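Letter by letter, the chains look like this.
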Amino acid sequence: TDLIDVCAVIQHKGNYLLAKRRPEERWAGLWDFPRLTVSESTGTRTSKTPPAESLTVWSGELADHLRAEFGLVVELSGPVTRLRHSITRYRVQLIGFAGDVSADGVAVGRNSKTSSAKRSRRESTWASLSELEQFPLTVTARKIARRLPF
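The shown structure was predicted, so the numbers you read here are calculated from the model rather than taken from an experiment.

What counts, and at which threshold
Residues numbered from 1 in each chain as written. Predicted model: local features only at pLDDT ≥ 70, side-chain atom pairs only at ≥ 80, totals over all residues. Heavy atoms only, no water. Phe/Tyr/Trp six-rings, centres within 6.5 Å; stacked < 30°, edge-to-face > 60°. Lys NZ or Arg CZ within 6 Å of the ring centre and 35° of its normal. Buried < 20%, exposed > 50% of the residue type's maximum accessible area, 1.4 Å probe, protein only. Helix = DSSP H or I, 4+ residues; strand = E, 2+ residues; numbered from the N terminus. Arc of directions from axis to C-beta. Contact = heavy atoms within 4.5 Å. pLDDT = per-residue confidence, 0-100. Pairing = 2+ DSSP bridges. Salt bridge = Lys/Arg side-chain N within 4 Å of Asp/Glu carboxyl O.

Draft legend 1. Focus on the packing of aromatic side chains. Inspection of the entire model under this criterion finds 1 aromatic pair. Seen from the ring of Tyr-90, Arg-26 lies directly overhead, with NZ or CZ sitting 5.7 Å from the centre.

Right under this line is the structure:
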């Protein structure tokens, strides 16, 4: 089964937003960049390069997810990273989008410098690049962290 996941690499004042995986999710208890499965198919393999229209739709779905789960209103840019991995019967393509948080709690793109995020609806934290190494991250989150900053 092919899956396409999208994740948000949100930065604020040199810190990155991490979300703790819930008990009912894959990788329960580990920390990850906020992510969402946007496509699942059991037919032919997913394209290496999704069409631009799909990226726009998925970016919007991810922004909706960030609003619902973290209380952040976001405008994402990207994609800034892509990873492929397998887990059990799944072939996963992970596409990462970037965003920053503005002074009014609204994430707005990669060039904003200020903000405070609204209260989270799931366990989350902000971590600097050096602090990321101290968290039990998912394998894909660790790979993304090693590529930072974008």
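Draft legend 2. Representation of helix α3 (residues 139-147) within the structure. For α3, the set of buried residues is Thr-140, Ala-141, Ile-144 and Ala-145. One side of α3 holds all its buried residues, which, seen down the axis, span an arc of 140 degrees. Exposed residues lying more than 90 degrees from the buried face of α3 are Val-139 and Arg-146. Packed against the buried residues of α3 are β1 (2-12), β3 (31-32), β4 (35-41), β6 (77-87), β7 (90-100) and α2 (129-132).

Draft legend 3. Spatial organisation of the confidence of the model for the protein chain. When pLDDT is averaged along the protein chain, the result is 83, and 82% of the positions lie at 70 or above. Least confident of the elements in the protein chain is strand β8 (residues 106-107), whose mean pLDDT is 52; most confident is β3, at 98. Overall, residues 108-120 carries pLDDT values under 50, and its contacts beyond four positions in sequence, including any with other chains, amount to 43 contacts.

Draft legend 4. Representation of the pairing of β7. Counting buried residues in β7 gives 10 out of 11 residues, a clear majority hidden from the surface. Relative to β7, β1 runs parallel, the two sharing 10 bridges. In the sheet register, Gln-11 faces β7, and the bridge partner there is Asp-100. In the sheet, β6 pairs with β7 via 8 bridges, with the strands oriented antiparallel. Considered in β7, the bridge of Ser-86 is made with Arg-91. The hairpin turn running from β6 into β7, its antiparallel successor, is 2 residues long, and Thr-88 in that turn takes a positive phi close to 45 degrees.

Draft legend 5. Molecular detail of the environment of Arg-26. Turning to its location among the elements, Arg-26 is positioned in the loop between β2 (15-20) and β3. Sequence separation between Arg-26 and Ile-87 is 61 residues, and the spatial gap between their C-alpha atoms is 9.6 Å.

Draft legend 6. Up close: the side chain of Asp-32. Within the secondary structure layout, Asp-32 lies in strand β3. Excluding residues within four positions of it along the chain, Asp-32 makes contact with Leu-18, Ala-19, Arg-21, Thr-138, Thr-140 and Ala-141.

Draft legend 7. Spatial organisation of the pattern of salt bridges. Scanning all chains against the criterion turns up 10 salt bridges. Between Asp-32 and Arg-35 there is a salt bridge, with the nearest N and O atoms lying 3.2 Å from each other. For Asp-32, a relative accessible area of 2% puts it in the buried group. Through salt bridges with shared partners, a single ionic network connects Asp-5, Arg-21, Arg-22, Glu-25, Arg-26, Asp-32, Arg-35, Glu-69 and Arg-122.

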